[in-house]
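Fold and geometry: a report
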Amino acid sequence: STTRSDTSSLRYLCLEHFKSLKGSFSSFVNLRSLKLNYMTSISFQSDMFNDLVNLKSLDISYNELKDQMLPNGLFNGLVNLEELEIKSCNFKTIPDCLFSPLVSLRVLDLHEYEARGLNADTFKGLENLRKLKIYNIESKLFTLDLFMNFKALERMDVYPISQELTNQLKAKFPKIKLY
């Protein structure tokens, strides 16, 4: 049996292959790394992670979101988050400014995100992002405007990408490495 005092000392938590997960993580105040992967039924609530101010790494990959939209406010309170992975989750849209609370984010992995409606406001607030992984997105969604909010970007793993956009990105980010 785990008590509230026991959970406050946890630094790392990995929950995988659960059938369902609801609620918040408010008692895990000192958590540094959280993995919620391969959930059959997960319902992301806007206040789910609000109390995790010490969290550095969050991985919510490989969940069956079934066209669910990630709610605005989902990342509120995660001001110290440095790495975020949202791979292969089957959601179709990212709300504008969803990532804006993530002022410390350095790495964002959106591998196999079937995007719709990406624009510059999608990545608003990610001025400190250094590495972006984004694959399997319709190439017509990739325009230079999409990346205008980035100031510190050093590496992009992006596919597909046109030669024209490659040249534009290299001009905007002279030290960038494209993969």
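Everything numeric here is computed off the predicted structure, so don't read it as measured data. (Residues numbered from 1 in each chain as written. Predicted model: local features only at pLDDT ≥ 70, side-chain atom pairs only at ≥ 80, totals over all residues. Heavy atoms only, no water.)

Re the packing of aromatic side chains
Per the counting criterion, the structure on display carries eight aromatic pairs. Aromatic side chains Phe-99 and Phe-123 sit 6.2 Å apart centroid to centroid with 5 degrees between the ring planes, which places their arrangement in the stacked category. Here Phe-99, found in the loop between strand S6 (83-85) and strand S7 (107-109), pairs with Phe-123, found in the loop between S7 and strand S8 (131-135); they are 24 residues apart in sequence, far enough to count as distant. By relative accessible area, which is 0% here, Phe-99 ends up buried. An aromatic cluster is defined as three or more aromatic residues linked by ring pairs; in this entry it consists of Phe-75, Phe-99, Phe-123, Phe-147 and Phe-150. In this structure, Arg-155 is placed above the aromatic ring of Tyr-179, and the distance from its NZ or CZ to the ring centre is 3.9 Å. (Phe/Tyr/Trp six-rings, centres within 6.5 Å; stacked < 30°, edge-to-face > 60°. Helix = DSSP H or I, 4+ residues; strand = E, 2+ residues; numbered from the N terminus. Buried < 20%, exposed > 50% of the residue type's maximum accessible area, 1.4 Å probe, protein only. Lys NZ or Arg CZ within 6 Å of the ring centre and 35° of its normal.)

Some words on the sheet that holds strand S3 (residues 33-37)
The strand order across the open sheet formed by eight strands is S1-S3-S5-S6-S7-S8-S9-S10, and the pairing between neighbours is parallel. The open sheet terminates on both sides in strands that have one partner only, identified here as strand S1 (12-16) and strand S10 (177-178). Bridging between S8 and strand S9 (residues 155-159) involves five bridges; their strand directions are parallel. Its bridge partner being in S9, Lys-131 is matched across the sheet by Arg-155. (Pairing = 2+ DSSP bridges.)

Regarding the pairing of S3
Of all five residues in S3, four are buried; the element is thus mostly enclosed. In the sheet, S1 pairs with S3 via five bridges, with the strands oriented parallel. Its bridge partner being in S3, Leu-13 is matched across the sheet by Leu-34. Across three bridges, S3 lies against strand S5 (residues 57-59) in parallel orientation. Paired with Leu-34 across the bridge in S5 is Leu-58.

Overview of the pattern of salt bridges
Applying the stated criterion to the full structure yields four salt bridges. Notably, a salt bridge pairs Arg-130 with Glu-154, separated by 3.3 Å at the nearest N-O pair. Highlighted residues: Arg-130 in the loop between S7 and S8 and Glu-154 in the loop between S8 and S9, separated in sequence by 24 residues. Its relative accessible area of 36% is what places Arg-130 among the partly exposed residues. Asp-157 is paired through a salt bridge with Arg-155; the nearest N and O atoms lie 2.8 Å apart. Residue Arg-155 is classed as partly exposed on the basis of its relative accessible area, which comes to 29%. (Salt bridge = Lys/Arg side-chain N within 4 Å of Asp/Glu carboxyl O.)

Keep in mind these numbers describe shape, not what the thing actually does.
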